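# Structural description and commentary
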Amino acid sequence: MMKEGGSMITNPTRAAAWELLTEYTKNEALLKHALTVEGVMRHFAGIYQPDEVEKWGIIGLLHDIDYEIYPNEH
């Protein structure tokens, strides 16, 4: 993810990830899907990598961030 000025965000907060997702995703069903995948990722991270729950939740939340922009390349 890029910040203004071109620098890379390597560890976004959940709030920053949601802001970015809603900037690029307008479809309500896709937003619900992202929230569902976030929950599933957090669940399994809690089982397999308890110290990485936040990271995997954010990955789940953002996994389709490009879908509306590039639906045929997803």
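Residues numbered from 1 in each chain as written. Predicted model: local features only at pLDDT ≥ 70, side-chain atom pairs only at ≥ 80, totals over all residues. Heavy atoms only, no water.

## Quick word on the packing of helix H1 (residues 14-24) against helix H3 (residues 53-62)
For the pair H1 and H3, interaxial distance at closest approach is 10 Å and the crossing angle is 5°. Compared by their axis directions, H1 and H3 come out roughly parallel. Along the contact surface, H1 presents Arg-14, Ala-17, Trp-18 and Leu-21, while H3 presents Glu-54, Ile-58, Leu-61 and Leu-62. Taken together, the residues of the contact of H1 with H3 break down into six nonpolar, no polar and two charged. (Axes fitted to C-alpha atoms, helices over the stretch in contact; angles between N-to-C directions. Helix = DSSP H or I, 4+ residues; strand = E, 2+ residues; numbered from the N terminus. Parallel < 35°, antiparallel > 145°, perpendicular 65-115°, else oblique. Contact = heavy atoms within 4.5 Å. Nonpolar A, V, L, I, M, F, W, Y, C, P; charged D, E, K, R; others polar.)

## Quick look at helix H2 (residues 28-48)
The terminal C-alpha atoms of H2 lie 30 Å apart, and with 21 residues this matches the ideal 30 Å at 1.5 Å per residue to within 8%. Looking at the buried residues of H2, the elements they touch are H1 and H3. Measuring from the side-chain oxygen of the N-cap residue of H2 to the backbone nitrogen of Ala-29 gives 2.8 Å; that N-cap residue is Asn-27. (Expected span 1.5 Å × (residues − 1). Polar contact = N/O pair within 3.5 Å; in protein donor to acceptor, adjacent residues only side chain to side chain.)

Read these as spatial facts, not as claims about activity.
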